[in-house]
Each structure stands twice: as C-alpha cells, then as structure tokens.
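Listed below, chain by chain, are the residues.
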Amino acid sequence: MAAGQAARAGSPRGQNPLAPRKPHFQPRVKRVLWLFMHGGPSHVDLFDPKPELRRLAGKPLPASLGEVMTRRDVAKNPLLGPVKPFRRHGQSGLEISDFFPHLSRYADDLCVIRSMHGDSVNHPQSVYQMNTGSILMGRPSVGSWVAYGLGSENQNMPAFVVLPEPGGGIKGGPPAWGSGFLPATFQGTPIRSGPAPILHLRPAPQIDLPQQRRALSLINDLNRYHRLQRRGDDELDARIMAYELAFRMQSAAPELVDLSRETRETKQLYGMDDRGCQEFGTRCLLARRMLESGVRFVQLYSGDTGGWDAHNGVLKNHTTYCRRTDKPIAGLLCDLKRRGMLEDTLVIWGGEFGRMPMSEKGTGRDHNPWGYSVWLAGGGVNGGMAYGATDAVGLRAAEHKVHVRNLHATILYLLGVDHQELSFFHNGLDERLTGPTDVGIVREILA
Amino acid sequence: MHRCVTTICLASICLAAIYCGLPGSLRGEQPDDGQRIEETAITKSDRDHWSFRPLVRPDVPAVKSLAGARSPIDCFITARLEDQELAFMPEADRRTLLRRVAFDITGLPPLAAEVKAFVADDAPDAFERMVDRMLASPAYGERWSQHWLDLARFAETDGFEHDELRPQAWRYRDWVVRALNADLPYDQFVRQQLAGDELLPGDPDARQATAFCLSGPDMPDINSQEERRSDLLNEITGTVGAVFLGLQIGCARCHDHMYDPISQADFYRLRAVFEPSVQVQRGKSVDVLLGARVPADPSYLLVRGDWRRRGPQVQPAYPRIANRDGERVAVAKPDVKAGRRRASLATWITRPGNPLTARVIVNRVWQYHFGQGLSRTPSDLGTMGNEPSHPKLLDWLAAELIEQKWSLKSLHRLILTSATYRRASGRSPGESSPSSAADMLAKNREFDPKNRLLGRMNRQRLEGEAIRDSMLAVSGLLYRQMGGESVRPPLPPEVVSTLLRPNHWQVSPKPSDQFRRSVYVFVRRNLHFPMFATFDRPDGNASCPQRGRSTTATQSLVLLNSPLTLLAARHLSGRTLVAAEKTFEGRLTLLFQNALGRAPLPDELQRCRQFHHKHVAAIREKGRSPKSLALPIPLPDSTTPEEAAAWTDFALAVLNLSEFIYID
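### Some details on the overall build of chain A
Within chain A, the regular secondary structure consists of 11 helices and 17 strands. Relative to the compact-globule value of 22 Å for 447 residues, chain A shows a C-alpha radius of gyration of 23 Å, a close match. Looking at chain A as a whole, 65% of its 447 residues are labelled buried. Sequence separation of 24 or more characterises 77% of the internal contacts of chain A that already satisfy a separation of 6 or more. Accessible surface, chain A: about 15300 Å² in total, of which carbon and sulfur atoms supply 50%. Here chain A carries 54 positive and 44 negative side-chain charges, and the mean point of each set is 2 Å from the other.

See the structure below:
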C-alpha cells in the first residue's frame, strides 16, 4: 500500500504509527539530514558568485531591478561586494567562496540551487516556511510529514530527531519542528549529547535503574491485568508497548549519543579536536549515528538566536559561523561516503533565506527571501552542479526559479513519496505539505 | 439590485451557473476597475445538505423495547441499534459511573470518600443528584473552559520570533471559566465573544470576551503592517466560521471552496464585518477588538488571497449558504455614529433560525462527553464533513438546547442522565461479568467496531492537563485557588533553553502557585510544555475542534521520570503511610483507593506483595543512605527508609497505570 493511502486511511489505534511504510515509488534515498543555518547565510558571499556585484560595489542598486521590499529599509543602500573571493573546485569547477576551504573539497558532491526563493523578509515566517511550507504558525514540519508518511527503521527511537543549537532558541521556536495537525507522535524530538539525550529519559537521581526496572515490570503486569479485563482495546495494548519502547529507549538513546567507541580519527574528521568547531562537529557525528541507526529524519541547527543573521559585518559573522561548520560538514560528507551511506541519504544545507546585495550599516547585509542558495548532496541528486541563477547582483531568483514548495516536493520525491498523495484529512480538507495546488519537482537536478 | 454573471468555478468541475444575487444583500458591490465578482449561485441541492436545512424538531422514534430507556436520547440510539439487531451494554457499575462523570464534568478524580458515599447511596435519584453536584462545582468551568480554549486557539503570547507577552490574556480565560460556571446561555456566550463591546457598551467583561477574535498568533514586528492586519483578519474570519458555524470558510480565502457552496466573495464579505475593528500598530500586541469607526474603509476581495492584490469591492454579508432568508448586516449610515457590523453578525449567528449554530454546539458537547461527535468533524458540517450517525438526535438536541434557552448545563444534564451515557464500556473490575454481557460486547465490537451506534461507552484517555491535575489531586498537592494571572511551574532546563530568552519562563515564586490547576498554567506559543504537548495538546496556533490521541514512548517517559510525577508519588505514598492502616494489605488498599477509587483485586494484591518483598530487599542490599532515596512526604517514623522508598515506587507505579489515565 502506498504511503499516502496508508496514511490517509489512518492507522487503527494500537497499530504502531512509526512502523516503516512503503513509499509510493522507488525511492532514491531512505533518510534525510537537514543542516539548517539559522539566521540566513549570505548566498552572494558563499555559493553564488557575482562579479557584477563586485564591479558595482558602493553604487546603488541598478534601477533596472526595480523596487524591492526589505526588512530594514536597505533598498537604497550602496551595494556591498562579495566579502571573500570565489574559486572553482573539483572536476566540476563548481564555484565556492574561500569561506569554505574544507567543504569545497567535496564540490563534486554538491548540487547548489542558486535560484531559491520564499515569501517573507521576516525570520520566523521564513523559518516556518522552510520547515512547514507556510509562513504562518502551526503547520506540520517536513520531518513530521516524512515520519508520518514513511515511519521509521528504528523502533527504539523517534522517527524525527532535532539537534538544536545548545546556545539557544531559534526565531520561531519549537513550532519549527512541530507536528501541527498531525499526531504528536510525529513531532521532532530534540536530542542532546550526554547521559540524558532525551527529555525525561532517566529517572530522578534518587531512583536507580534496577529500581526503576522493577517498578516498570510491576507497571507492565498491572497494566496487563487491566487490559485482560477490557477485551479488544488495542489502544491499551499500544500503551503497554509504549512502556516497553520507553524502556528500550533508555538504553538505545544513550548508546546512540555515546561517542566513546568512535575512533580518534573519526572525531578528528569532524573537527572535534578543534575548539573552533568542536561543538558543531560533535552534533554532526551524533547526526550520522542517528541516521545509521535508522532514524528517518534528522535536523541539525547551526546558529543561536542571532546565528547567521549578519546585519552588521558579514565578514566577521560568517568567518565565525563558517569556521564552526565548515570542517564538520566536510567530515560528515566524507564519513557518509566512506560508509556507503551518502548513496541513500539526502543532505540539505541552507537557511531560512539569503542576504541582500545591498549593504546594511556599511558592512552587513539584510534578509533576502527573493533569491538565495541551498545545496543538496547525496542519493538521487547531481553532484558538482549549480542549478538556476539569481539576477546580476543576487537580488532575486531569475532563472529556473525554485520556490520553497518546489524544494519540499523534490525532497519528498527523492524519498519516493508523491507530494500530492501524502495528505492528512483535517477540518474538511486533504492537507498537504506543498499546499492545494500542483507543485513541480526540480527534475533537472536529479541524477 | 439584481445582477447576472456567468461564472466558471475555479475548480472547473462545477458547471457554469447563473448568479442572481440575493435580494439586496450584496448591495453596493460595485465592479472596481472593471472587476466584478464571479461566483456560483447557491442551488437547491446545496441547500439540501443536512446541516443547511432549517432546524425542525424531530419526533422521538418509537422503539420496540423501552427497557432501560431513561430519556428520549435513548430512543434515538436504541432505534438504530434495533435496526442493526445490535444490543447495548448494561449500565456501568457505580464506581465507574462516578469516575466517568467526575472526570467528564470537573476534570478531577472523585475523592475516596465520595466514591464510598455514592456507591452506598441507594436513592433512586442518586445519580441525578451526583450530576447536579458536579455541574454546580466551580471545577466544571475550569474543565470545560479548556475545551473552549482549544477552539479559541488561546495563548498568552504573540508567537513568531519575539513571542511577546499579552499581559491581559488571562482575563479572557477567566471570562470563559466564569461564563461556563454561571451557565451563561450559549447564544449570549457567542454574542459577547463576537461583539460584547457593541452589544453591552460599558461592560468591561463583555468587551474582554471579544479577545476570542484576537487570540490567534500575530507578528507585531512584521515588515508590512498591512500584511499583518490582513493575516489577522483572515485568521479571525476562518476561526469564526469554523467555531460558530462549523464551516471551513477559511478554505475560500484564495479561491472558491472546492466542495462547499462558499465563494471567495463569501469569505471577504464575512471578513468585512471585522475590518473596522482590527487596527494594528507596529510592535504592539493586539488584545480586544476596537469599537467600529465611521466611516469604515471599503472592503475588497483579495485576488488569490494576496493582500497586495485588491479585487472587486465587497460589502459585509453573511455566508449565503447559511442565510436562506437573506438577512443583512447593519452597515452604518454616514450619519449614524457607530457601525454595528459585529453586533449584527452575532445576532444573526444566534438567531434560532440559523441552521448551523445549535447543531454545531450540541455536536461539540456530545463529542466531549462521548469522545466522538455524532458528526465526527465538529468544525466542518459542510459537504466534506462527516454525516452524523444520528441526524435526528442531533436535530432534537439542537432544538432542545434552544428551547432550554441555550443552557449548556441543561444540555449536559440531558445527556448525562440518559441510559446511553451510563452504559458500560466493557467489563470493568468488580463487575460480576455476566457472560451475556461479554457476548454482547463481542458482537457489538464486531459489527460496530468504531462504536458509531453507541451500544457501549467509549473508553477515553485523559488529556495531559487532566493527568497533571489528577496527580496533584490524589497526592493532596492541588492548590484550588481560581482565576487570576497565569502561573509558571518549573520546567527542565533543556525545555527552557529552546526559548528565545531564558526569562521567557520565569517560575512562579509562590510554591503553591506551581500546583494550581493546569488551566491556569501560562500558555506560551513558543514553548512545548512537556506534560501537555506529549499528550496531544494543540499548539494554540489554530482552532482545534478535537485533540489527537496518540500513544507514545515519550508519554511513558514523562509519566515515569518527570520531577512532577516523583513529587506526586512521594506525597501520595506519604498520605498512605501516615494513615492508621499499618498492614501491607491495608496500605495498598488505601493507595489504590486514593489513586483509583477502588481496592486492589486479589491478583493485583499478590503481584504487589511480591514486588514489595523483592524491592525492599534490593534497595536494602544496595546500602544506600536514606538521604539518597526518594522518600515519602511526610515520612512516618515507624517505617524504615527502604520500606518507605518502596512505597514511593508503588505510588509512582500507580500513577503510571493505564487505569489512572483511561476512564471506562
């Protein structure tokens, strides 16, 4: 049975909602890792070379580009040239700026979409749109849709896992990984490193584990008596199973986040010996372990409340954030490749939007949802490719435009899911991630 | 003025139809820049849909056997069961009934003493008196306000990036609690939330009620304030349509509704009712609606719902499909000071002739009592909505509600005192389990697995709020103060760290405030309160007519390991151990009675005794210092620390039982 239909029909109470489901068609990838650069990285300084912007630096936006809505009224500000040089890399000659010396070694694996666009100049709206398809609050996130449609290969862990920045909240908060109107089972579960990676995983310090195991066995026995007196109630069975899963999670989750058995070489690969990128590197390695164990969808955030939001001094901000993430992401790609996992994993890199070609406060840049870059790597996508283009200065997507909706439809397609079939009946409507209208898949980037 | 426009429906599945406007209701809709409104006319077959038909009180059906019937409700239910040759379950036992009504009406477990008294009460009207007692309890308003707050997508912050405080939002919550406790007639309840300021000028409470309209998410610092205002208006319009009329009017924001006879123009006409009352100011949260200003700016249809693309002008009007009589919105004349568009709307919605309003609310109330509505899509009674299982019962209840002057308490009483509500959900402990009942249940389950015919009661799971309240109640921690500003119980640091700023969750300094009922816990849009969120509490960003009911391992983890459960377990065991009972069996019985309202069964007693022996010995073997154990509060002198710690674990286990959170 196809995922959408199975999902539409709704799983009867008691049936495990996270059991793996068959996709609609042959998938290219089995799992997704989304590297979310919160705050909005600057495409014109990272992945979208604009010689014209360099040439016009200091001058106003050419009149031919017309009026543009900006968050901080920067439309009339002088243009700011790219703050780092771009170079060609790999066999493909894909251009990447000097901000990413490590990642650029994997240029031939990256498929950069340079013509992304969305609908809001505001952070939270764009965070919601990138995660849920809508600029409004409260709809299910991509990870929830995927978990709902495909279930999980790992029954000891949630299907959708989020590794938030320990530094603090993103703009828009946990609704970014919420399940909206989908059942709560499918919401993103935040996971942290350390002995208690999942909230309330461990008993309070006064109760030791053997003590809790005995209590759990009592609970299970009493719940079975209760169930025996109430024949035919699957939900009560499901509840007994949930306690058994909780029990397994108590050992599975700490094992998953226990990096002690990873080799020194692997840790170095992720930059864990380097104070400048140790924290993000650790989370990248955690992410790989989650994927390896069968977790369906992992989302990893870079950037605290401010994050990549370079209103003042894009050079300084991006130097910090690229330093934190460059080596770990390169290490992650390398590790996925050598384990043969990149073939059936989709890696997504991007923020909620890009940044303006105009300057803000001299050396910063304002938000730009009208044109920006996102890259994909892994199964099913062409590596060493730049797809689409912004205009001469990187203000708007201009050629082969890819809306956030198209990106979502393409992600689902790579997972073998038809975005029109994956729906959930809610308040009289068949709700979809990609909305009511038909949305094109970006076929040109498919391998 | 009559206009005739040939249209092509956007869905391109409808045939072109001739539109001959309702007499006058669309007066003044001038083509703007040559644009005209194109919409499909309402047809006779549209009006024939069950929920759009005029409400007529049906006759109570005749049934073959009146045995066990207590109210006309039972006749409607029995008639359909007889059709299908299905029987119904016998009445549930006394203890089960008391727990059912207590949780249903007050959201709190009955005290052990109440159970004892009710089980022993042989008077023929014992049940009815108990129902009246429950309905008179102020806990009723606290419980049922949460159902309404789900519909009102209530929260006390704006959401989006800054998630700023709405410092007065709790006043609306208190208004709902008070209105329900006072049994404010439902028609007035609706009117005040839509237009309390216009209808009862000078009454600050009525004005506060309009916060319903603006309780949704909002982004005060958005770039375009015009976009912000447009989003707010869309959200209000969609919510009002869904909550009061049971119509997904919001679907018609961008294009005509795909299935229901609701045009895009219908959406913008309804929206126009609210336009003069919603004004925004950059950076400032909204709270209550503004009094109407005169003259109001003209309203427009927005092409594809885009706030930048004005289409033809529209005049405020009610959705045509629900407005058979062509009632008109009172639009202010230039020389009249205040427009009363919302007052008109509120009056129109609550006219007894409105076919939807009473049907929608009785279906909701039924759903909260039985776990499922007579129609299972409570906010969509349109053509895509679920056909009611008992359409005549639904209409009879709706007519009865109006006849009872829209008294919700009368409606509750009517439903609760029916035999249908009192049926067993299955075998319950202590019942003598006649084999005929077991056979009946088996047949019922086989032929009516979803229990649409209500031959038995649905077993229901408590919501996260009710689970927390129950834990606090059985452990004696619950602090029953009502109303006022919301409270913030402590939360784990990993939850608080997902907030934009750590000061977004400042724990209430007064310890007793941490043990107030869940309805008083501060609702922050950008915070998932774990105990509530894992048990499917909606996130407050859209109106929620029916909560999900998932069963997950994270629920088990919260119940097993949250500091609240441990604290409740320590108090619950403390209460048990300080009582006069000193034998194991006596203590266990007391613990079960406090938490579950019953004594343990022999099997349970035996299993618990076995656990107790092993557990105490194992704790003792570890040789842990008493300080490192989770000891009961208060700790009785006569009990060893190991023994006492084992009782905490007992209490914790009881709080984790299915029976603690499932109501038969």
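Anyway, onward from the coordinates.
### Quick word on the confidence of the model for chain B
Here chain B averages 90 in pLDDT, while 91% of its residues score no lower than 70. ipTM for the predicted complex: 0.91, alongside a pTM of 0.89.

### Some words on helix α6 (residues 139-151) of chain B
The α-helix advances 3.6 residues per turn, and as a result positions three or four apart in sequence lie on the same side. All names here are of chain B. End to end, α6 covers 19 Å across 13 residues, agreeing with the expected 18 Å (1.5 Å per residue, within 8%). When you tally the buried positions in α6, you get 13 out of 13 residues, the bulk of the element. Looking one or two places after α6, you find R153, whose phi comes out positive at around 40 degrees.

### Brief notes about the pattern of salt bridges
Applying the stated criterion across every chain yields a total of 78 salt bridges over all chains. Among the salt bridges present, the one from R288 of chain A reaches E292 of chain A, with a minimum N-O distance of 3.0 Å. Of the two residues, R288 of chain A and E292 of chain A are both situated in helix α9 (residues 278-292); the distance of 4 residues between them amounts to about one turn of the helix. A salt bridge links R269 of chain B to D266 of chain B; the nearest nitrogen and oxygen atoms lie 3.2 Å apart. With R269 of chain B and D266 of chain B both in helix α11 (residues 264-274) and 3 residues apart, the pair spans about one turn of that helix. You'll find R269 of chain B and D266 of chain B in the same group, each marked buried. Connected via shared salt-bridge partners are E262, E265, R288, R289, E292, D335, R338 and R339 of chain A.

### Topic: the environment of E360 of chain A
Residue and element names in this part refer to chain A. Examined against the element boundaries, E360 turns out to sit in the loop between β9 (354-355) and β10 (367-368). Classification of E360 as buried rests on a relative accessible area of 4%. In this structure, E360 is in contact with R72, V74, N77, H311, R365 and D366, ignoring residues within four places of it in sequence. In this structure the side chain of E360 is engaged in a polar contact, spanning 3.3 Å, whose partner is the side chain of R72. Reaching out from E360, the side chain makes a polar contact with the side chain of H311 at a distance of 2.6 Å.

### What about the interface of chain B and chain A?
Opposite the 84 residues of chain B that make contact, chain A presents 75 residues. Carbon and sulfur atoms supply 58% of the area buried between chain B and chain A, which totals about 7100 Å² over both sides. On inspection of chain B and its partner chain A, the count reaches 8 salt bridges. Residue D233 of chain A is joined to R459 of chain B by a salt bridge in which the shortest nitrogen-to-oxygen separation is 2.6 Å. One can count 25 residue pairs in polar contact (both at pLDDT 80 or more) joining chain B with chain A. Considering every element that reaches the side of chain B that touches chain A, the biggest residue donor is helix α23 (residues 602-622) of chain B, with 9 residues. Looking at side-chain class alone, the side of chain B that touches chain A contains 36 nonpolar, 24 polar and 24 charged residues.

### A short note on helix α14 (residues 391-403) of chain B
Residues and elements named next belong to chain B. Taking 1.5 Å per residue as the helical rise, α14 with its 13 residues ought to reach 18 Å, and the 18 Å between its terminal C-alpha atoms agrees with that figure. For α14, the complete set of buried residues consists of L393, L394, D395, W396, L397, A398, A399, E400 and L401. Packing partners of the buried residues in α14 comprise α2 (72-83), α13 (357-370) and α15 (408-416). One or two steps after α14, the chain reaches K405, where phi turns positive at roughly 55 degrees.

### A word on the state of the cysteines
Residues and elements named next belong to chain A. Per the counting criterion, the structure on display carries 0 disulfides over all chains. Cysteine C277 shares no disulfide, and the gap to the nearest cysteine sulfur, in C284, comes to 9.3 Å. Its relative accessible area of 1% is what places C277 among the buried residues.

### A word on the pairing of strand β7 (residues 297-302) of chain A
Residues and elements named next belong to chain A. Burial analysis of β7 places 6 of its 6 residues in the buried class, which makes it a mostly covered element. Residues of β7 alternate between two faces, with F297, Q299 and Y301 on one and V298, L300 and S302 on the opposite face, all of them buried. Inspection of the sheet shows strand β1 (residues 31-37) paired to β7 by 6 bridges, in the parallel sense. In the sheet register, M37 faces β7, and the bridge partner there is S302. Taken together, the 4 bridges between strand β5 (residues 160-163) and β7 define a ladder with parallel strand orientation.

### Regarding unusual backbone geometry
That bond from I633 of chain B to P634 of chain B is cis: its omega, -10 degrees, falls within 30 degrees of zero. Positionally, P634 of chain B belongs in the loop between α23 and α24 (641-655). Despite not being glycine, H200 of chain A shows a phi value in the positive range, around 60 degrees. Tracing the chain through its elements places H200 of chain A in the loop between β6 (189-190) and α6 (209-228). The exposure class assigned to H200 of chain A is buried, which follows from its relative accessible area of 11%. Of note in the backbone geometry, K405 of chain B takes a positive phi value of approximately 55 degrees without being a glycine. In this structure, K405 of chain B sits in the loop between α14 and α15.

### Comments concerning the packing of aromatic side chains
Residue and element names in this part refer to chain A. Under the counting rule described, the total for this entry stands at 42 aromatic pairs over all chains. Measuring from centroid to centroid gives 5.6 Å for W177 and Y301, while their planes differ by 55 degrees, and the two rings are tilted. Of the two residues, W177 sits in the loop between β5 and β6 while Y301 sits in strand β7, which places them 124 residues apart along the sequence. Judged by its relative accessible area of 5%, W177 falls in the buried class.

### Overview of the packing of α6 of chain B against α13 of chain B
All names here are of chain B. Packing of α6 against α13 brings their axes to within 12 Å, and their N-to-C directions diverge by 125 degrees. Here α6 lies oblique to α13, going by the angle between them. When you trace α6 past α13, the crossing you get is right-handed. From α6, W144, H147, W148 and L151 reach across to α13, where they touch I361, R364, V365, Y368 and H369. For the contact of α6 with α13, a count of residues per class yields 6 nonpolar, 2 polar and 1 charged.

### Re the side chain of E227 of chain B
Within the fold, E227 of chain B resides in helix α10 (residues 225-245). One buried charged residue, E227 of chain B, remains without a salt bridge, the closest side chain of opposite sign being R308 of chain B at 6.2 Å. Not counting chain neighbours up to four residues away, the residues in contact with E227 of chain B comprise Q125 and I135 of chain A together with I222 and W307 of chain B.

Rules of the game
Residues numbered from 1 in each chain as written. Chains lettered and ligands numbered in written order. Predicted model: local features only at pLDDT ≥ 70, side-chain atom pairs only at ≥ 80, totals over all residues. Heavy atoms only, no water. Helix = DSSP H or I, 4+ residues; strand = E, 2+ residues; numbered from the N terminus. Rg over C-alpha atoms; globule rule 2.2 N^0.38 Å. Buried < 20%, exposed > 50% of the residue type's maximum accessible area, 1.4 Å probe, protein only. Contact = heavy atoms within 4.5 Å. Areas by Shrake-Rupley, 256 points an atom, 1.4 Å probe, with all protein chains shown as cover. Lys, Arg positive; Asp, Glu negative; His and termini not counted. Charge placed at Lys NZ, Arg CZ, Asp CG, Glu CD. pLDDT = per-residue confidence, 0-100. Expected span 1.5 Å × (residues − 1). Salt bridge = Lys/Arg side-chain N within 4 Å of Asp/Glu carboxyl O. Polar contact = N/O pair within 3.5 Å; in protein donor to acceptor, adjacent residues only side chain to side chain. Buried area = accessible area lost by both parts, 1.4 Å probe. Nonpolar A, V, L, I, M, F, W, Y, C, P; charged D, E, K, R; others polar. Disulfide = S-S within 2.5 Å. Pairing = 2+ DSSP bridges. Phe/Tyr/Trp six-rings, centres within 6.5 Å; stacked < 30°, edge-to-face > 60°. Axes fitted to C-alpha atoms, helices over the stretch in contact; angles between N-to-C directions. Parallel < 35°, antiparallel > 145°, perpendicular 65-115°, else oblique. Left-handed = near helix turned anticlockwise from the far one by under 90°.

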